[in-house]
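# Descriptive structure summary
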Amino acid sequence: MENLVYAIILLPLAGFLINGLFGKNLPKAVVGGLATLAVFGSFLIAVSIFMGMSKDSAPVIVKAFEWFKVNGMQVNFGFQIDQLSIMMVMIITGIGSLIHLYSIGYMSHDKGFYKFFTYLNLFIFSMLLLVLGSNYLILFIGWEGVGLCSYLLIGFWYDNVEYGKAARKAFIMNRIGDLGLLLGIFALAHHLNAIDFLSVAENSTKFELDGNAIIFITMCLFVGAVGKSAQLPLFTWLPDAMAGPTPVSALIHAATMVTAGIYLVVRSNFLFSLAPTTLNVILLIGLATSLVAAFIGLRQNDIKKVLAYSTVSQLGFMFIALGAGAYTTGMFHVMTHAFFKALLFLGAGSVIHAMSGEQDMRFMGGLRKKIPLTYWTFLIGTLAICGVPPLSGMISKDEILVTIYEKSPILWALTLFSAAMTAIYMFRLLFLTFFGDFRGTEEQKKHIHESPASMTIPLVVLAILSVVGGFINLPHFIGHGEYQNLAHWLKPIYVYEQAEAQIPFATEMILLAVTIIMVVVIFFVVKNIYVDKKKVAHPEDEYTGWERLSAKKLFIDEIYQACIVKPVEGLGKAASMFDRSVLDPIVTFIGLGAADSGRAAKRLQNGKVENYVLIMSLAIGIILIINFILK
């Protein structure tokens, strides 16, 4: 297994190095094919390891080398293969390879083709390092790697100044979260003298239940998760990440970067289970994020922005599950979300490709007859995220709703309201884009065409996964939990018993019925507004009331700009002025003083030996006189 684990990591790294060094001189087919095969090769290896594992398999540590030793703590550079890591690897490389294949067609006319695939391979390598690392320090290296790659890919079209700003925004906001994660790792090393997962899990009982130390550590780790998984208040970078090419959006939102925060919490379940206070904070932050992002998504007109706020909202759902202590439920939604969100983003990319780069839904309409394959696959993704049975999104989201209902019916109602808003903005997107009359230009209408096979094949595969993906973890009332395969698979990674919904069957059926009826009603109401009555979306400046708040994103960016960015800029300008007005003159004065003293001393160094002898004699005489007086 050791060589196979190295191969999983090294294949994308090899793709990065080859394309980075030689890609400029290679044909695009070779560059794209090599990058795609590197990731797909890692996927096949991961599947082979998965097939050789069972739900009872013990963790396997593959030690590459002894890294360093400090204060008696040995830190090795190694990888951990267990049920959680292999699940994440298959999601990353499986979805990642489809996105690579899609990118061959989508980026075919881009002059930076080889650089794009170079960055994609590096992104996959960094994410694999994050989920396979056997300790928090290797996780942190991968964590920083995906942060760097997100900066490179979001700002890929750096000629556009706004895209460059979006890349910097993502980079800086993630640094805030990264500081929290780093502090958490240092605190762990201080308290347990260990940072590898197995040792920390074994010694976690040393912490007092809900004590100050464990609350501090888990809060720090959660701050890292908040930054990487775009939760309040560090979520505004993710919608702006739409500046990058659409395949980047799919990779960040579905399979890699934003899932890192969820992974961190689940991997550290042995810590978070000892901190109920932190779990409550996670639940409330997730719920607030889900509601805020869903509300903003209601009146966005950019097709990618709608999906971006959808991702933020769905991540909130995952954190709601984690906050309730239902780690498997959260991971289940990570998996199903990877399927339908990658499908939706790649479908949006196919629409943009057909529309010659247009992303504003106000100028679309009637596309279902022009690009039927894109439409049908996008429809499946929409129904999945809205929670239509028996699609994957419905099964995983219903599990979250049932879990939270047991904790609090009020929290359940708020979570259901967020799910309702999800259905509203997604059906609005569907009807504005694919139904009604075409609202673009005649030039755009002439060029509308279905995407090439390299783009549509991933759509079909993801559509199938969005349909059947939920069957991997069917509700417990079907077969008395026998078909909860994911729950059984992940059980060995939990040190403490995780939360499981224990509500009457009749109550669960009522909750399920309420959810389904809600989605059906929303479908027909939104269809009536945008298809039957042919209502058209307005520019954001024409909205009033709550619609204006939604279109303007609750003015959160403006608030951050006024309360944080401007004061920091002012502080920087004040520091610059202090530097020029105070420090510079002082430094200049010291420098001039040194120069003047040097010029004065220079007169003594005239090269005449008799002068040197005279000075030396005077000095000796003075010393002798002083010595005589002191005696």
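Structure's up top.
Since the structure is predicted, the reported quantities are computational estimates derived from the model, not experimental observations.

Once that is clear, we can look at the side chain of S396. Its place among the elements puts S396 in helix α17 (residues 392-407). Residue classification places S396 among the buried positions, given a relative accessible area of 0%. With residues up to four places along the chain from it excluded, the contact list for S396 reads T329, F332, H333 and T336.

Glancing now at helix α10 (residues 246-255). α10 sits mainly inside the fold: 10 of its 10 residues count as buried. For α10, the complete set of buried residues consists of T246, P247, V248, S249, A250, L251, I252, H253, A254 and A255. Those residues of α10 that are buried lie in contact with α3 (83-106), α4 (113-132), α5 (136-154), α9 (237-240), α14 (303-323) and α15 (327-354).

For the rest of this paragraph, the subject is the environment of V248. Within the element layout of this structure, V248 appears in helix α10. Relative accessible area serves as the criterion here: at 0%, V248 is assigned to the buried category. It is 13 Å that separates the C-alpha atoms of V248 and L307, two residues lying 59 residues apart in sequence. When residues no more than four places from it in sequence are discounted, the contact partners of V248 are F116 and L153.

Bringing the environment of E497 into the picture now. Checked against the element boundaries, E497 lands in the loop between α21 (485-490) and α22 (505-532). What makes E497 exposed here is its relative accessible area of 66%. The sequence separation of E497 and F270 amounts to 227 residues, and the corresponding C-alpha distance is 9.7 Å.

In total, this model carries 27 aromatic pairs according to the counting rule given. Each ring, one from W67 and one from F77, has its centre 5.4 Å from the other, and the planes form 70°; the classification is edge-to-face. Of the two residues, W67 is situated in strand β1 (residues 60-70) and F77 in strand β2 (residues 73-81); the sequence distance between them amounts to 10 residues. Linked through ring pairs, Y375, W376, F378, F427, F431, F434, F435, F523 and F524 together constitute an aromatic cluster. Geometry around F197 places R267 over its ring, the cationic atom sitting 5.3 Å from the centre. The ring of F317 carries the charged tip of K397 above its face, separated from the ring centre by 5.4 Å.

Turning to the nonpolar core, a few remarks are in order. Membership of the largest hydrophobic core comes to 207 residues, with the highest contact counts inside it found for W237 and L271. For this core, the element with the most residues is α15, which contributes 17 residues. Apart from the residues within four sequence positions on either side, W237 is in contact with K169, A170, M173, N174, G227, K228, A230, I252, M257 and V258.

For the rest of this paragraph, the subject is unusual backbone geometry. With an omega dihedral of 5°, the bond running from L232 to P233 counts as a cis peptide bond. As for its placement among the helices and strands, P233 is situated in the loop between α8 (212-228) and α9. Following P389, the chain continues into P390 via a peptide bond in cis, with omega recorded as 0°. The phi torsion at N71 lies on the positive side, around 50°, for a residue other than glycine. Structurally, N71 is set in the loop between β1 and β2. In this structure, D210 is a non-glycine residue whose phi angle is positive, near 60°. The topology assignment puts D210 in the loop between α7 (197-203) and α8.

What counts and what doesn't
- Residues numbered from 1 in each chain as written.
- Predicted model: local features only at pLDDT ≥ 70, side-chain atom pairs only at ≥ 80, totals over all residues.
- Heavy atoms only, no water.
- Helix = DSSP H or I, 4+ residues; strand = E, 2+ residues; numbered from the N terminus.
- Buried < 20%, exposed > 50% of the residue type's maximum accessible area, 1.4 Å probe, protein only.
- Contact = heavy atoms within 4.5 Å.
- Phe/Tyr/Trp six-rings, centres within 6.5 Å; stacked < 30°, edge-to-face > 60°.
- Lys NZ or Arg CZ within 6 Å of the ring centre and 35° of its normal.
- Core = buried A, V, L, I, M, F, W, Y, C linked by side-chain atoms within 4.5 Å.

This is a description of form; function is not addressed.
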